[in-house]
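Residues per chain are reported as follows:
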Amino acid sequence: MSEIRITPSILNADLANLDSEIAKISNVADLLHLDIMDNKFVPNQTWNFAEAEAIIKASPLPVDAHLMISDPDIQAPKYAEVGCKSVTVHYEATENLKQTLQSIRRAGARAAVGIKPKTDFSVLLEYRDLIDMILIMTVEPGFGGQKFMADMMHKVSTSRDFIGDADIWLQVDGGISAETIEIAREAGADTFVAGSAVFKAADPAAMVLKLKELATK
Ligand code: DX5
Ligand code: ZN
């Protein structure tokens, strides 16, 4: 089975002290999950490109950018160009998914596509050769701290079968914690976003290690 990755989301970290928040998990996490929201695709707003670029360039961890924005076809390649390891666009927001995935790869990042809870897995079938990571949302995108949707696990299992032996990571995002990570792992996920579970923990690094252990055993 594939390697396990824990990708803490800083959405609900202490944003006034972001450097020290990131430092808490930088020795134990695999990537830093950066949630970009524009108040159009989702009813919430986070960093604009210039602000995100500063975070990406300062990050001691490789960055996994999750674009919850209405114009990903234009923005996604820019995130790849400034050094993100992985850039995720939402299927629901793209107008030309094929071209956008190709542009992300051309700029040197892993090209990833996410689907919201109401979007069927089958929309991804024709993109297999262009995808480096599938993101199955386990909450409605927009906010941290929501309840994990266990009824998304059929999409995770279907994605795992679809991936076969291809080098495609399978990520889940939303409500992942010590209570839910094993369910997602058993369904086939290998890359786990955890926001509040990590940054609301008394010891964020210990929580990352705990999540990794639970997903590995
Ligand atoms: C929500 C974001 C998530 C969020 C997860 O739309 O995509 O990455 O930070 O937060 P938790 O882990 O608290 O559900
Ligand atoms: Zn996210």
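Refer to the structure above for everything that follows.
Residues numbered from 1 in each chain as written. Chains lettered and ligands numbered in written order. Predicted model: local features only at pLDDT ≥ 70, side-chain atom pairs only at ≥ 80, totals over all residues. Heavy atoms only, no water.

A.B. asks: Just to check I follow, could you spell out the site of ligand 1 for this structure?
C.D. replies: Around ligand 1 sit 20 residues, and of these Ser-9, Gly-142, Asp-173, Gly-195 and Ser-196 come closest. The separation between an oxygen atom of ligand 1 and a polar main-chain atom of Gly-142 is 2.7 Å. A distance of 2.8 Å separates an oxygen atom of ligand 1 from a polar atom in the backbone of Gly-175. Notes on ligand 1: free accessible area 380 Å², of which the protein chains cover 99%. Among the secondary structure elements, those contributing two or more residues to the shell around ligand 1 are β2 (32-37), β3 (63-68) and β8 (191-194). At 3 residues, β2 tops the list of elements feeding residues into the shell around ligand 1. Across the shell around ligand 1, the residue classes tally to 8 nonpolar, 10 polar and 2 charged. (Near = heavy atom within 4 Å. Polar contact = N/O pair within 3.5 Å; in protein donor to acceptor, adjacent residues only side chain to side chain. Areas by Shrake-Rupley, 256 points an atom, 1.4 Å probe, with all protein chains shown as cover. Helix = DSSP H or I, 4+ residues; strand = E, 2+ residues; numbered from the N terminus. Nonpolar A, V, L, I, M, F, W, Y, C, P; charged D, E, K, R; others polar.)

A.B. asks: Looking at this structure, how should I read the coordination of the zinc ion (ligand 2)?
C.D. replies: Around the zinc ion (ligand 2), the protein supplies His-33 (NE2), Asp-35 (OD), His-66 (ND1) and Asp-173 (OD) as donor atoms, at distances of 2.0 to 2.3 Å. With 6 donor atoms in place around the zinc ion (ligand 2) and angles of 73 to 170° between them, the coordination shape is octahedral. As a motif over one chain, the donors of the zinc ion (ligand 2) read H-x1-D-x30-H-x106-D. Of this pair, His-33 sits in strand β2 while Asp-173 sits in strand β7 (residues 169-173), placing them 140 residues apart in sequence. For Asp-173, a relative accessible area of 9% corresponds to the buried category. (Donors = N, O, S within 2.8 Å, 3.2 Å for Na, K, Ca; no water. Tetrahedral: all angles 85-135°; square planar, octahedral: opposite > 155°, others 65-115°. Buried < 20%, exposed > 50% of the residue type's maximum accessible area, 1.4 Å probe, protein only.)

A.B. asks: Is there a simple way to think about the sheet that holds β2 in this case?
C.D. replies: Sheets are built from strands paired through backbone hydrogen bonds, the pairs being either parallel or antiparallel. With parallel pairing, the 8 strands of this open sheet are ordered in space as β1-β8-β7-β6-β5-β4-β3-β2. In this open sheet, the two edge strands, each paired with only one partner strand, are β1 (5-8) and β2. Between one strand axis and the next, the sheet turns through 25° on average, direction left out of account. Across 4 bridges, the pairing between β3 and strand β4 (residues 86-90) is parallel. Paired with Ala-65 across the two strands is Val-87, which belongs to β4. Lying on the sheet, helix α4 (residues 97-106) is in contact with β4 and β5 (110-115); it crosses β5 at an angle near 140°. (Pairing = 2+ DSSP bridges. Axes fitted to C-alpha atoms, helices over the stretch in contact; angles between N-to-C directions. Contact = heavy atoms within 4.5 Å.)

A.B. asks: Teacher, can you tell me more about the nonpolar core here?
C.D. replies: In summary, soluble globular proteins display a tendency toward joint burial of nonpolar side chains. Residues Ile-10, Leu-34, Leu-67, Tyr-79, Val-87, Ile-134 and Phe-192 are the most contacted members of the largest nonpolar core, which totals 69 residues. Per-element tally for this core: the top contributor is helix α8 (residues 204-216), with 6 residues. Once residues lying within four places of it in the same chain are set aside, the contact partners of Ile-134 are Val-113, Phe-121, Leu-124, Ser-159, Phe-162, Ile-163, Ile-168, Trp-169, Leu-170 and Gln-171. (Core = buried A, V, L, I, M, F, W, Y, C linked by side-chain atoms within 4.5 Å.)

A.B. asks: Explanation requested: the packing of helix α2 (residues 49-58) against helix α3 (residues 72-81) in the structure shown.
C.D. replies: The packing of two helices is summarised by the inter-axis angle and the distance between the axes. Where α2 meets α3, the closest approach of the two axes is 10 Å, and the angle between their N-to-C directions is 25°. Of the possible angle classes, the one that applies to α2 and α3 is roughly parallel. The crossing of α2 and α3 is right-handed. Residue-level inspection shows Phe-49, Ala-52 and Ile-56 of α2 in contact with α3, the latter providing Gln-75, Lys-78 and Tyr-79. Here the residues of the contact of α2 with α3 are counted per class, giving 4 nonpolar, 1 polar and 1 charged. (Parallel < 35°, antiparallel > 145°, perpendicular 65-115°, else oblique. Left-handed = near helix turned anticlockwise from the far one by under 90°.)

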